[in-house]
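Tertiary structure, described
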Amino acid sequence: MKPRKQFDVPEAEREFFVSEMGAATNHVMAGDALAEARDRFDFSPWYGKRIDAITDLLAQSLQQLYVASTYQKTSVTSLFNGGVRKFLSYCVEQAQAQGRELQVEEINRPFIDHYLAWIRRQLKDDGEVLGYVAQRSIYTKTKSILVQACRQGRLPDRRQLFPSNPFPQVSRHYQGEQPLSLEARRRFAEALRIELAAIARDEFDGTDGQALALVCLLIALRTGLNTTPLLELSRDALLPHPLKPNWRMLVSHKRRGNATHVQSMRWSDQLVETASAQTDVVWWYDWVKDRTAPLVAEAPVEWQQRLWLYRREQVGRPRSVLALTVDQLILTAQRLVRRHALVGDDGEPLRVNVATLRKTFVNRLYELSGRDMLVTARLAGHSVQVSQSHYLKISPEAKRAFHFAGTTLLSTLQTASPGPEAAAPAAATPIGHCADPVHGERAPQQPGRLCTDFLSCFQCKSMVVTTEDLWRLFSFYYLIDSERNILNARDWEQWYGHVRDIIDTEIAPDFPAAAVKAARERARREPHPYWKTRDRLGLPHGARA
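Remember, predicted model here, so these are calculated numbers, not experimental data.

Within the protein, the secondary structure is distributed over 19 helices and eleven strands. When burial is assessed residue by residue, the protein has 43% of its 545 residues classed as buried. In the protein, the proportion of contacts linking residues at least 24 apart, taken out of those at least 6 apart, comes to 62%. When the accessible surface of the protein is split by element, carbon and sulfur atoms take 51% of a total near 29100 Å².

As for its placement among the helices and strands, Q72 is situated in the loop between helix 3 (52–67) and helix 4 (73–98). For Q72, the residues in contact, after removing those within four places along its chain, are E232 and R255.

What you see with strand 11 (residues 463–466) is no split at all: M463 and V465 on one side and V464 and T466 on the other are buried throughout. Direction of pairing for strand 10 (residues 432–434) relative to strand 11: antiparallel, over a ladder of two bridges. Within strand 11, the residue paired with C434 across the bridge is M463.

Quick look at the packing of aromatic side chains now. Following the criterion strictly, the structure yields 20 aromatic pairs and no others. For the pair Y90 and Y115, a centre-to-centre distance of 5.2 Å together with 50 degrees between the ring planes defines the contact as tilted. Placement of the pair is Y90 in helix 4 and Y115 in helix 5 (residues 109–120), with a sequence separation of 25 residues. You'll find Y90 and Y115 in the same group, each marked buried. A cation over an aromatic ring shows up here: K244 above the ring of W247, its NZ or CZ 4.8 Å from the ring centre. Lying across the ring of Y477, R520 places its NZ or CZ 5.1 Å from the centre.

It is the contact of helix 8 (residues 182–200) with helix 9 (residues 208–223), at a shortest axis distance of 10 Å, that shows an interaxial angle of 140 degrees. Taken together, the axes of helix 8 and helix 9 are oblique relative to one another. Considering how the two elements wind past one another, helix 8 and helix 9 form a crossing that is left-handed. Note on element contacts: helix 9 touches helix 8 through A211, L214, V215, L217, L218 and L221, opposite R185, F188, A189, L192, E195, L196 and I199.

In summary, soluble globular proteins display a tendency toward joint burial of nonpolar side chains. Membership of the largest hydrophobic core comes to 54 residues, with the highest contact counts inside it found for F188, W308 and L324. For this core, the leading source of residues is helix 9, giving eleven residues. Beyond its immediate chain neighbours, meaning those up to four positions away, F188 contacts L180, L221, L336, L342, L350, V352 and L357. Residues L79, A95, Y115 and L146 belong to the second largest nonpolar core, which totals 44 residues.

Time to look at the pattern of salt bridges. Scanning all chains against the criterion turns up 18 salt bridges. Residue R201 pairs with E203 through a salt bridge whose shortest N-O separation is 3.1 Å. Residue classification places E203 among the exposed positions, given a relative accessible area of 53%. The closest approach of N and O atoms between R311 and E298, which form a salt bridge, is 2.9 Å. On the criterion of sequence distance, the pair formed by R311 in strand 6 (residues 309–311) and E298 in the loop between helix 11 (281–292) and strand 6 is long-range, its members being 13 residues apart. Using a relative accessible area of 48% as the deciding quantity, one classes E298 as partly exposed. Counted as one network, the salt bridges with shared partners bring together E183, R186, R187 and D345.

It is at 9 Å that the axes of helix 5 and helix 6 (residues 132–151) come closest, and there the two elements cross at 150 degrees. You can see that helix 5 and helix 6 cross each other, and the crossing is right-handed. Counted together, I112, Y115, L116, I119 and R120 of helix 5 and Q135, I138, Y139, T142 and L146 of helix 6 form the full contact between these two elements. Along the lines of polarity and charge, the residues of the contact of helix 5 with helix 6 split into seven nonpolar, two polar and one charged.

What follows deals with the environment of N353. Among the secondary structure elements, N353 is positioned in the loop between helix 12 (326–339) and helix 13 (354–368). Placed 24 residues apart in sequence, N353 and L329 show a C-alpha to C-alpha distance of 7.2 Å. Only 3.1 Å separates the side chain of N353 from the backbone nitrogen of A355, close enough to count as a polar contact. Of note is the side chain of N353, whose polar atom sits 2.8 Å from the backbone nitrogen of T356.

Here we come to helix 12. Taking 1.5 Å as the rise per residue, helix 12 with 14 residues should run 20 Å; its terminal C-alpha atoms sit 20 Å apart, in good agreement. Turning to helix 12, its buried residues are Q328, L329, T332, A333, L336 and V337. In the segment just after helix 12, A341 is the residue with positive phi, at about 50 degrees.

Mapped onto the elements, H433 comes out in strand 10. Taking the relative accessible area as the measure of exposure, H433 reaches 13% and is therefore buried. Among the polar contacts made by the side chain of H433, one reaches the side chain of D469 at a distance of 2.9 Å.

Turning to the confidence of the model for the protein, a few remarks are in order. Taken residue by residue, the protein gives an average pLDDT of 79. The fraction at 70 or more is 76%. The least confident element of the protein, judged by mean pLDDT, is strand 1 (residues 16–17) at 31; the most confident is helix 5 at 94. Per-residue pLDDT stays below 50 along residues 413–424; that stretch engages in ten contacts with residues further than four places along the chain or on separate chains.

What counts, and at which threshold
- Residues numbered from 1 in each chain as written.
- Predicted model: local features only at pLDDT ≥ 70, side-chain atom pairs only at ≥ 80, totals over all residues.
- Heavy atoms only, no water.
- Helix = DSSP H or I, 4+ residues; strand = E, 2+ residues; numbered from the N terminus.
- Buried < 20%, exposed > 50% of the residue type's maximum accessible area, 1.4 Å probe, protein only.
- Contact = heavy atoms within 4.5 Å.
- Areas by Shrake-Rupley, 256 points an atom, 1.4 Å probe, with all protein chains shown as cover.
- Pairing = 2+ DSSP bridges.
- Phe/Tyr/Trp six-rings, centres within 6.5 Å; stacked < 30°, edge-to-face > 60°.
- Lys NZ or Arg CZ within 6 Å of the ring centre and 35° of its normal.
- Axes fitted to C-alpha atoms, helices over the stretch in contact; angles between N-to-C directions.
- Parallel < 35°, antiparallel > 145°, perpendicular 65-115°, else oblique.
- Left-handed = near helix turned anticlockwise from the far one by under 90°.
- Core = buried A, V, L, I, M, F, W, Y, C linked by side-chain atoms within 4.5 Å.
- Salt bridge = Lys/Arg side-chain N within 4 Å of Asp/Glu carboxyl O.
- Nonpolar A, V, L, I, M, F, W, Y, C, P; charged D, E, K, R; others polar.
- Polar contact = N/O pair within 3.5 Å; in protein donor to acceptor, adjacent residues only side chain to side chain.
- Expected span 1.5 Å × (residues − 1).
- pLDDT = per-residue confidence, 0-100.

Listed below in structure tokens is the structure:
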């Protein structure tokens, strides 16, 4: 077991000075980092709302985490935006409802339980209730700050304050980002090329930060880097290749696991004169490095080795030098989608972020490598297991390759009447009939051995489905559908998703609607004995419950 992280802040960093000007004044903390924390996190909206003591507590806890070496500043910013702001809003509602000042001592287990209930009632912009994963995210970010107060002794012991597992089985609800299809990737890349061409000609109508974010999205698309290593690329990350003069090496660092990832890429000093310069990683890396060189001396010490620097252009705020953030990448990607009216395969606005682009990159590697899992994992910089469980998806193109290869017949196979529906005797299977279970297209091809790979039946030319088979077919259908509550969502989609789609879109429409409805209702009410328990399915190799 790994040693537990120590988040205690050194005593010298914990010292802070409280202004005598009243509760409505933010805390002023010693040191440049603490002054930066005060500037970054504005608690003034919550003072004067009858929760001053609680606001003080959270402000101090957040500022201490901000200067702690074990917490990245971007992570603390996420805690503030996604957790602290929500908790303080809840406290304001409680103070207004009770008509009195709330005190720190009132933060106890019932208070936290009520906060959890409040989170579960929150709505998204479209009026829908927040998703299960989003609810958990708010809670865990709030908890991180309150735990810091527990360590200071300002709140009860964490084991008494927080429920042990308020969001059970959350992994089953988490779907993550989906890779772009080939067509969606092409549309996104074309829109990005147009914007980058304007930047190269100095005709871009956005801010320097937006221009930098577009270049960053390009490098994400072309390299598949994770968000943090991408944003933390250093100014000397691009190195000459030791053996090939027309190649460069892009070196990135992943803090989690303390890993270094090296990618080689072809480069030519003539690219600056060609249109391909608009999408060349090396060319744009050098462009950003030259563009941001004058800002290095003005940047905070911890950012002076960063590549992605820009000057703030917000009216009414200091024109200080900042580093690119995740939020800016997201906002710039959304702006690009709106500007070019980009839509996904479902007709909805395209959802693009660095995670999407990384999964698109990894899936592209998988296809180009001939679906070699080892090669894909090595080039992506992670293990085969991580590739399978977190990155590789059945692409829309691959899904379209799954078609029903069998035959549907409205009459029984036992008919002796001549005509196109008359067929050779077929063997009954748990989901239909098989014209040749021994020597069929996907059969074992060995005398005496019958095919039992029922998931492959749907792509086998030997499969035959009649009206009489619909009860068995839909009994199987509802059993695999129930597996969604047991298997990891990714695994269910990989093993069963295409099968259900084939039944819905290619088999059921061939039969009378009344027959299909009756078979569905019977299968729900009284499933075929073969498909009553999931033991018949087994757990596909590599699938995780």
